[in-house]
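# Secondary and tertiary structure notes
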Amino acid sequence: MTAAKNTSNSAMKPESHGRRILAYVVLIFLTVLCLIWFYILFINATRSNGDLSRGFRAYPSNHLGENLYNLFHGTLPVGRGMLNSLFVALATAALTTYFSTMTAYAIHAYRFKGRHAIFTFILAVMMIPTQVTALGFQQLVRNMGLENSFIPLILPSVAAPVVFFYMKQYMDSNLPKELLESARIDGAGEFRIFNKIVIPIMKPAIAVQAIFAFVSSWNNYFIPSLILHKDNMKTLPILIAQLRAADWLKFDMGQVYAMIAFSILPVIIVYLILSKQIVGGVTAGSVKG
C-alpha cells in the first residue's frame, strides 16, 4: 500500500512541476505584456519630435531634459496642473473612503425598516453611467455658480456606490457584530465605535479603495473638462489633451510623451509603495468567514 502511494506521488511530481513551470511562463509573459507599454512610453519621453517621426527605437535618447524644459517653460501651466490634480485626487480619495465606509457601517450594523431597499437602491445607482447625467450636472453647476471650482469634482465623491459595496462586503467578512455590541455595552458612542474600532479593522479595505479612488480621480478627464475652463484651474488630463490638440507648427510629440510619463509617475509610485496592501485587501475582502 505504501509502495503504491509512493509510486503515485513520484508519478505526480513531474506533472506538478510542469504545471508550475507553465504557470511561471504565463505570468512572466503577462507581466512583460503589461509593462512593455510603460517601457515604450518612457523611452519615447527621452526622444525628440524628429526622432519620433523616424519610427520606434528600443533604447533611450538624450532629449528628456530638453522635453521637460520645453514642457515646463511652455504656455501650459503644467506644475499648477499637477498640484490641482493632486489636491482633487487626495480630497476625493479621503471623502470617498470615509463616507462610504460610514454608509456601509450603517447598513451592516443597524437593523431598521427599509434597510434592504436602501442597499438595493445604492447598487442600482451604480448602474447609471456618468455620461447620462453629465449634461444635467453641468447645468446644475452653472446655475450654482460653481464653474472653475474644485467643489463639484470633490463633493459628489461622498456618494460612491462601488466603494460602498466593497466596504459592505468586507464588513460582512471581517467585522463581527458581537464586537460592536461589546463596545456599546462598555458605554462607547456610535461615532467613537466607528472611528476607534471600525476604521482600524477596515484599514486594508480603505487602503485599496483609497488607491482606486485616487487613480480614478487622477485620470478623470470628462467631468473636469466640462467644469474647469481657466488654465490655472485645469487638471493634468485636460492639459495633456490641450497639448495633443496643438496645431502642427507647435505640436511636439516628445513633449506629449514627457507629459504623459510625468503625469503617471505619481500613480506608479503609489502602486509600488502600497502594492502589498492592495493584494491583501482584495484577498481579505473576497473571502467570507
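Before going into details, it helps to say that this report is about the structure given with it. Per-chain numbering applies: the sequence of each chain, read as written, is numbered from 1 onward. Since the coordinates come from a predicted model, pLDDT governs what is reported: local features require at least 70, and pairs of side-chain atoms require 80 or more to be given and counted, while whole-chain, interface and lining totals use all residues. Heavy atoms from the whole structure form the basis of all side-chain values; hydrogens and water molecules are not counted.

## What about the overall build of the protein?
Within the protein, the regular secondary structure consists of 14 helices and zero strands. Relative accessibility thresholds used throughout: buried, under 20% of the residue-type maximum; exposed, over 50%; partly exposed, between the two (1.4 Å probe, protein chains only). Looking at the protein as a whole, 34% of its 289 residues qualify as buried. Whether two residues touch is decided by their heavy atoms; if any such pair falls within 4.5 Å, the residues are in contact. Expressed as a percentage of contacts within the protein between residues at least 6 apart in sequence, the contacts between residues at least 24 apart total 73%. Under the convention used here, a 1.4 Å probe and the Shrake-Rupley method define accessible areas, while residue burial counts only the protein chains that appear. Total accessible area computed for the protein in this model is approximately 17500 Å², and 68% of it derives from carbon and sulfur atoms. Secondary structure elements follow DSSP: runs of H or I of four or more residues count as helices, runs of E of two or more count as strands, with numbering from the N terminus.

## Points about the pattern of salt bridges
Within this document, salt bridges are pairs made up of a side-chain nitrogen of Lys or Arg and a carboxyl oxygen of Asp or Glu, the two lying within 4 Å of each other. Evaluated as defined, the whole model comprises six salt bridges. With its nearest N and O atoms 3.9 Å apart, the salt bridge here joins Glu-147 to Arg-142. Looking at Arg-142, the relative accessible area reads 44%, which means it is partly exposed. The residue Asp-172 makes a salt bridge to Lys-168 at a minimum N-O spacing of 3.1 Å. Of this pair, Asp-172 and Lys-168 are both found in helix α8 (residues 161-174), four residues apart, which corresponds to roughly one turn of the helix. Owing to a relative accessible area of 10%, Lys-168 belongs among the buried residues under this scheme. Residues joined by salt bridges that share partners form a network here, namely Glu-181, Arg-184 and Glu-190.

## So, helix α11 (residues 203-219)
Since the α-helix advances by 3.6 residues per turn, residues separated by three or four positions end up pointing in the same direction. Here, expected helix span is obtained from the residue count minus one, scaled by 1.5 Å. The end-to-end C-alpha distance of α11, which contains 17 residues, comes to 24 Å, matching closely the 24 Å that a straight helix rising 1.5 Å per residue would cover. Along α11, the residues classified as buried are Ala-205, Ile-206, Ala-207, Val-208, Gln-209, Ile-211, Ala-213, Phe-214, Val-215, Ser-217 and Trp-218.

## Section: the side chain of Asn-67
Relative to the assigned elements, Asn-67 resides in helix α3 (residues 64-72). Not counting the four nearest positions on each side in its chain, Asn-67 is found in contact with Ala-45, Thr-46, Arg-47, Gly-254, Gln-255 and Ala-258.

## Details of the packing of aromatic side chains
Pairing of aromatic side chains here covers Phe, Tyr and the six-membered ring of Trp, requires ring centres within 6.5 Å, and sorts the geometry by plane angle: under 30 degrees stacked, over 60 edge-to-face, intermediate tilted. For the structure on display, the rule yields ten aromatic pairs. Summarising the aromatic geometry, the rings of Tyr-105 and Phe-194 are spaced 5.6 Å apart at their centres and angled 50° between planes, so their arrangement reads as tilted. Highlighted residues: Tyr-105 in helix α4 (residues 78-109) and Phe-194 in helix α10 (residues 190-201), separated in sequence by 89 residues. Here Tyr-105 falls in the buried class, since its relative accessible area comes to 3%. Ring geometry for Phe-119 and Phe-165: centres 6.5 Å apart, planes at 40°, overall tilted. With Phe-119 in helix α5 (residues 115-125) and Phe-165 in helix α8, the pair connects residues that are 46 residues apart, well separated along the chain. A residue is classified by how much of its surface remains accessible, and Phe-165, at 31% relative accessible area, is partly exposed. Ring pairing ties together the aromatic residues Tyr-98, Phe-99, Tyr-105, Tyr-110 and Phe-194, which thus form one cluster. Note that Lys-168 overlies the ring of Phe-119, its terminal NZ or CZ placed 5.6 Å from the centroid. Remark: a charge is flagged as sitting over a ring if the NZ atom of Lys or the CZ atom of Arg is within 6 Å of the ring centre and within 35 degrees of the ring normal.

Functional significance is not addressed by these values, which are geometric in nature.
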